[in-house]
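Listed below are the residues making up each chain.
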Amino acid sequence: ASYEAGEHESFMRKEILEQPTTAQAVLRGRLDERFGTAHLGGLDMDARDLRAVRRVKILGCGSAYYVGQMGAALIEELARIPADAEAASEFRYRNPVIEPDTLYVAVSQSGETIDTLLAVQEVRRKGGRCVGLVNVVGSAIARECDGGIYLHAGPEVAVASTKALTNMFLAFALLALQLGRVRDLSIADGKRLVAGLERLPGQIEEVLAGEADLVEVAKDLAEARSLFFIGRVRGFPVAREGAQKFKEISYRHAEAYQTSELKHGPLALIDPEVPTVALVPHDELAERNVGALHEIEARKGPLVVITHEDVDLGEVSARRIVVPRNEPELDPILLNVPLQLLAYHAAQHLGHDIDKPRNLAKSVTVE
Ligand code: G6P
């Protein structure tokens with residue numbers, strides 16, 4: 001069957017709205033409620049292989065790189081294995097140290113991105129084990145990897161990745177659970193996260209149901225020439241992805257920053273013309289993040305805050321976008337969905353070609 005935008009104005013919006021269903025697809029058959037873990041047959045790694053992993057290195061480009069940073073944080077938290085993400089486009093041009101007890105993870109929607117493919121080949125040439133988080137079955141990267149987790153997001157047409165990115169995060173959650181459960185992660189924590197993952201598709205639907213409230217906010221953001229997206233720790237890669245999405249389709253300058261680093265530079269740029277989109281989840285950093293909002297407000301910077309119901313913003317005057325709470329480790333997904341909608345409605349307001357932004361391609365397959 002052919003895949004068409006149908007009654008939707010664009011593929012991007014269709015793909016955003018598909019997420020409650022596509023998120024279920026990546027989880028289906030892979031969660032183990034009894035033992036609080038995941039089953040990932042395609043990885044082709046037994047418990048002994050999984051326990052031998054000493055480090056995780058994630059490789060991807062664009063949004064796949066940013067979600068790799070979210071995945072690295074999850075793996076460190078759940079499995080307590082040092083993990084980091086690097087742009088595959090950089091990795092392939094240096095002479096990276098390839099270690100036999102590092103698990104390399106290539107992330108790609110298309111499975112055809114040349115920078116990621118060549119990074120995988122370099123890892124394998126030097127004896128590293130590389131698994132893929134790939135959407136397109138049988139694609140070049142999927143074939144090149146030692147095993148992997150298919151994303152099952154269905155075809156994604158819009159250049160700006162939405163449903164595939166959500167499933168990349170969920171695949172990282174499954175991988176982190178499995179790596180964690182053959183190490184220190186308790187069965188209770190494993191079960192808590194399995195239950196959290198099962199709740200996520202319904203909660204994504206709840207966020208999408210609030211779309212109408214975001215339209216006016218998006219229109220105002222579209223009028224700014226330059227914006228900041230801020231977050232910290234789990235929220236920082238989400239801010240990077242949000243800024244990326246916004247700039248890709250609205251052509252506005254959007255820069256992501258760690259909330260903690262504001263005072264070390266960007267505060268100098270805050271004024272009534274420069275809005276900030278801040279991620280303030282209910283976590284151990286919430287109070288400090290609210291402190292940073294005061295700094296922005298004191299400089300009359302307009303604020304949009306993506307947060308949870310029970311976070312007290314005190315006197316800060318901001319436009320609040322509330323997302324449901326899940327387990328804190330899984331926060332990034334629900335924080336990201338409003339950012340997709342803000343980017344979409346900003347670009348829509350500006351009358352841009354949302355599915356095919358200027359100068360960009362869905363997958364960059366040639367050098
Ligand atoms: C291109 C697209 C991005 C995408 C990146 C990686 O640059 O414009 O939206 O995130 O490629 O694509 P992949 O198919 O490897 O996930």
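Residues numbered from 1 in each chain as written. Predicted model: local features only at pLDDT ≥ 70, side-chain atom pairs only at ≥ 80, totals over all residues.

Explain the overall build of the protein chain to me, and be specific about the residues and the numbers.
Scanning the protein chain from N- to C-terminus turns up 13 helices and 12 strands. Here the C-alpha atoms of the protein chain give a radius of gyration of 20 Å, agreeing with the 21 Å that 2.2 N^0.38 yields for 367 residues. Expressed as a percentage of its 367 residues, the buried residues of the protein chain come to 52%. The long-range share in the protein chain, meaning contacts at least 24 apart out of those at least 6 apart in sequence, stands at 75%. (Helix = DSSP H or I, 4+ residues; strand = E, 2+ residues; numbered from the N terminus. Rg over C-alpha atoms; globule rule 2.2 N^0.38 Å. Buried ≥ 20, exposed ≤ 12 C-beta atoms within 10 Å, placed from the backbone. Contact = placed C-beta atoms within 7 Å.)

I'd like a description of the packing of helix 9 (residues 187-209) against helix 13 (residues 331-350), backed by residues and values.
Contact geometry of helix 9 with helix 13 gives a least axis separation of 10 Å together with a crossing angle of 25°. On the basis of the axis angle, helix 9 is roughly parallel to helix 13. Read as a crossing pair, helix 9 and helix 13 show a hand that is right-handed. Between helix 9 and helix 13, the contacting residues are Leu200, Gln203, Ile204, Val207 and Leu208 on the first element and Ile333, Leu334, Val337 and Pro338 on the second. Each residue belonging to the contact of helix 9 with helix 13 can be placed in one class, and the counts come to 8 nonpolar, 1 polar and no charged. (Axes fitted to C-alpha atoms, helices over the stretch in contact; angles between N-to-C directions. Parallel < 35°, antiparallel > 145°, perpendicular 65-115°, else oblique. Left-handed = near helix turned anticlockwise from the far one by under 90°. Nonpolar A, V, L, I, M, F, W, Y, C, P; charged D, E, K, R; others polar.)

Describe the packing of helix 2 (residues 19-27) against helix 8 (residues 163-181), and please don't skip the residues or the numbers.
Contact geometry for helix 2 and helix 8: axes closest at 9 Å, N-to-C directions at 35°. Of the two elements, helix 2 crosses helix 8, and the hand of that crossing is right-handed. Listed contacts from helix 8 to Gln19, Thr22, Ala23, Val26 and Leu27 of helix 2 are Lys163, Thr166, Asn167, Leu170 and Ala171. Of the residues belonging to the contact of helix 2 with helix 8, the class tally is 5 nonpolar, 4 polar and 1 charged.

Talk me through the nonpolar core; I want residue IDs and the actual numbers.
Within the largest apolar cluster, 120 residues are counted, with the highest numbers of intra-cluster contacts made by Ile75 and Met168. Top contributing element to this core by residue count: helix 8, with 13 residues. Excluding residues within four positions of it along the chain, Ile75 makes contact with Val56, Ile81, Ala83, Phe172, Leu175, Ala176 and Leu179. (Core = buried A, V, L, I, M, F, W, Y, C linked by C-beta atoms within 7 Å.)

Let's hear about helix 13: which residues, and what values?
Relative to the 28 Å expected for 20 residues at 1.5 Å per residue, helix 13 spans 30 Å between its end C-alpha atoms, a close match to the ideal helical length. Counting buried positions along helix 13 gives 18 out of 20 residues, so the element sits mostly inside the fold. Of the residues one or two after helix 13, Gly351 is the one with positive phi, at around 75°. (Expected span 1.5 Å × (residues − 1).)

Can you lay out the site of the ligand for me, pointing to particular residues and giving the numbers?
Gly62, Ser108, Gln109, Ser110 and Thr113 are the nearest of the 16 residues found near the ligand. Of the residues that constitute the shell around the ligand, the class distribution is 6 nonpolar, 9 polar and 1 charged. (Near = placed C-beta within 6 Å.)

So what's going on with the sheet that holds strand 3 (residues 55-60)? Which residues, and what values?
One open sheet holds the 5 strands; their spatial order is 4-3-5-6-7, and the pairing between them is parallel. Either end of the sheet is taken by a strand with one partner, and the two such strands are strand 4 (83-87) and strand 7 (147-150). Averaged over all pairs of adjacent strands, the angle between their axes in this sheet comes to 20°, without regard to strand direction. Two elements, strand 3 and strand 4, share 5 bridges in a ladder whose sense is parallel. Its bridge partner being in strand 4, Gly60 is matched across the sheet by Ala87. Of the strands in this sheet, strand 3, strand 4 and strand 5 (102-108) are in contact with helix 4 (residues 63-79), which crosses strand 4 at around 170°. Strands in contact with helix 8 are strand 5, strand 6 (129-134) and strand 7; relative to strand 7, the strand with the most contacts, it is inclined by about 130°. (Pairing = 2+ DSSP bridges.)

Before we move on, can you summarise unusual backbone geometry with the specific residues and values?
For Asp44, which is not a glycine, the phi torsion comes out positive at approximately 60°. Within the secondary structure layout, Asp44 lies in the loop between strand 2 (37-38) and helix 3 (47-51). Residue Asp44 is classed as partly exposed on the basis of its 13 C-beta neighbours within 10 Å. Non-glycine residue Lys300 carries a positive phi angle of around 60°. Residue placement: Lys300 occurs in the loop between helix 12 (286-298) and strand 11 (303-307). Taking the C-beta count within 10 Å as the criterion, Lys300 has 11 such neighbours and is therefore assigned exposed.

An account of the pairing of strand 11 is needed here, citing residue identities and associated values.
In terms of residue burial, strand 11 counts as a mostly covered element, since 4 of its 5 residues are buried. Judged from the 5 bridges that link them, strand 10 (residues 276-280) and strand 11 form a sheet pairing that is parallel. If you follow Ala278 over to strand 11, its bridge partner there is Val305. Considered for its hand, the β-α-β crossover made up of strand 10, helix 12 and strand 11 is right-handed. Pairing geometry for strand 11 and strand 12 (residues 319-322), over 4 bridges, is parallel. Pairing of Val304 across the sheet is with Arg319, part of strand 12. (Right-handed = clockwise from strand over helix to strand, strands pointing away.)

Residues and numbers for the sheet that holds strand 8 (residues 226-231), please.
Strand pairing within a sheet occurs via backbone hydrogen bonds; the two strands may be parallel or antiparallel. In spatial order, the strands read 9-8-10-11-12; together these 5 strands make up an open sheet with parallel pairing. Edge positions in the open sheet fall to strand 9 (253-258) and strand 12, since each of these has one partner strand only. If you compare each strand with its neighbour and ignore which way they point, the axes differ by 20° on average. Bridge count for strand 8 against strand 10 is 3 bridges, and the pairing is parallel. Across the sheet, residue Phe229 finds its bridge partner in strand 10, namely Val277.

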